[in-house]
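Geometric and topological summary
Letter by letter, the chains look like this.
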Amino acid sequence: MDRRDFSLLIIVTVLASGADSMTRQQLKNSSKMLKKNCMGKNDVTEDMVGNIEKGKFIEDRKVMCYIACIYQMSQIVKNNKLNYEASIKQVDMMFPAEMKDSMKASIDNCKDISKNYKDICEASYWTAKCIYDDNPKNFIFA
């Protein structure tokens, strides 16, 4: 993790620690920093990733690695694998109360998807898509 990544991580952590949870809009606003950083790292455009939150998952290696980057920056990826416990912790820490239970249920429903893929980019992509398909109403993504 380089200095810029670490700085972004600190900002997101500080935002998250200021309250029991964030509003949906605060979550979206805080993810803008992650999005900008990961878009540059993975050479993707807004057209490619701008509608992931609405269920538009383009099956492209760059998009897959963009999603993995977001998960890495959110500390959901540990040792190059998606971490179920870290995902649940992020929801508990950051999501609004009215979204927590349904999002944790969706993460639980999709936790084994990543086992089908050795590549973190593919594992991240298909897991995110599963979570969206399971709970489009509450899905939030950078």
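To start, this report covers the structure provided alongside it. (Residues numbered from 1 in each chain as written. Predicted model: local features only at pLDDT ≥ 70, side-chain atom pairs only at ≥ 80, totals over all residues. Heavy atoms only, no water.)

Attention now moves to the packing of helix α5 (residues 84–94) against helix α6 (residues 97–110). The interhelical angle for the contact between α5 and α6, taken along N-to-C directions, is 170°, at an axis separation of 10 Å. Taken together, the axes of α5 and α6 are roughly antiparallel relative to one another. Note that α5 runs across α6; the crossing there is right-handed. Residues Tyr84, Ser87, Ile88, Val91 and Asp92 of α5 form the contact with α6, whose own contacting residues are Lys100, Met103, Lys104, Ile107 and Asp108. The class makeup of the residues in the contact of α5 with α6 is 5 nonpolar, 1 polar and 4 charged. (Axes fitted to C-alpha atoms, helices over the stretch in contact; angles between N-to-C directions. Helix = DSSP H or I, 4+ residues; strand = E, 2+ residues; numbered from the N terminus. Parallel < 35°, antiparallel > 145°, perpendicular 65-115°, else oblique. Left-handed = near helix turned anticlockwise from the far one by under 90°. Contact = heavy atoms within 4.5 Å. Nonpolar A, V, L, I, M, F, W, Y, C, P; charged D, E, K, R; others polar.)

Below, the discussion takes up the nonpolar core. One finds Ile52, Tyr66, Ile67 and Tyr71 to be the most contacted residues of the largest nonpolar core, which totals 43 residues. Those elements that provide at least two residues to this core are α2 (24–42), α3 (46–49), α4 (61–73), α5, α6 and α7 (120–134). In terms of residue count, α4 provides more of this core than any other element does, 10 residues in total. Excluding its chain neighbours within four sequence positions, the residues that come into contact with tyrosine 71 are Ile76, Val77, Leu82, Ser124, Ala128, Ile131 and Phe141. (Core = buried A, V, L, I, M, F, W, Y, C linked by side-chain atoms within 4.5 Å. Buried < 20%, exposed > 50% of the residue type's maximum accessible area, 1.4 Å probe, protein only.)

As a further point, take the state of the cysteines. Enumeration according to the criterion identifies 3 disulfides in this entry. For cysteine 38, the disulfide goes to cysteine 69, at an S-S distance of 2.0 Å. The chirality of the disulfide connecting cysteine 38 with cysteine 69 is left-handed, given an S-S dihedral of about -75°. Placement of the pair is cysteine 38 in helix α2 and cysteine 69 in helix α4, with a sequence separation of 31 residues. Both residues of the pair, cysteine 38 and cysteine 69, count as buried. The partner cysteine of cysteine 110 in its disulfide is cysteine 130, sulfur to sulfur 2.0 Å. (Disulfide = S-S within 2.5 Å.)

Across all of its chains, the model carries 9 aromatic pairs by this definition. Between phenylalanine 57 and phenylalanine 139, the aromatic rings sit 6.2 Å apart at their centres with planes inclined by 55°, giving tilted as the arrangement. Here phenylalanine 139 lies in the segment after α7 and phenylalanine 57 lies in the loop between α3 and α4, a separation of 82 residues in the sequence. Judged by its relative accessible area of 2%, phenylalanine 139 is buried. Centre to centre, the rings of tyrosine 125 and tryptophan 126 are 4.8 Å apart; their planes meet at 85°, and the pair counts as edge-to-face. Residue class for tyrosine 125 comes out buried when judged on its relative accessible area of 1%. Joined through ring pairs, the aromatic side chains of Phe57, Tyr66, Tyr71, Tyr117, Tyr125, Trp126, Tyr132, Phe139 and Phe141 make up one cluster. Across the ring face of tyrosine 84, the terminal group of lysine 111 is positioned such that the distance to the ring centre comes to 4.9 Å. (Phe/Tyr/Trp six-rings, centres within 6.5 Å; stacked < 30°, edge-to-face > 60°. Lys NZ or Arg CZ within 6 Å of the ring centre and 35° of its normal.)

Once that is clear, we can look at unusual backbone geometry. The phi angle at asparagine 79 is positive, at roughly 55°, despite the residue not being glycine. Despite not being glycine, asparagine 80 has its phi angle at roughly 60°, a positive value. Relative to the assigned elements, asparagine 80 resides in the loop between β1 (77–78) and β2 (81–82). A relative accessible area of 48% means that asparagine 80 is categorised as partly exposed.

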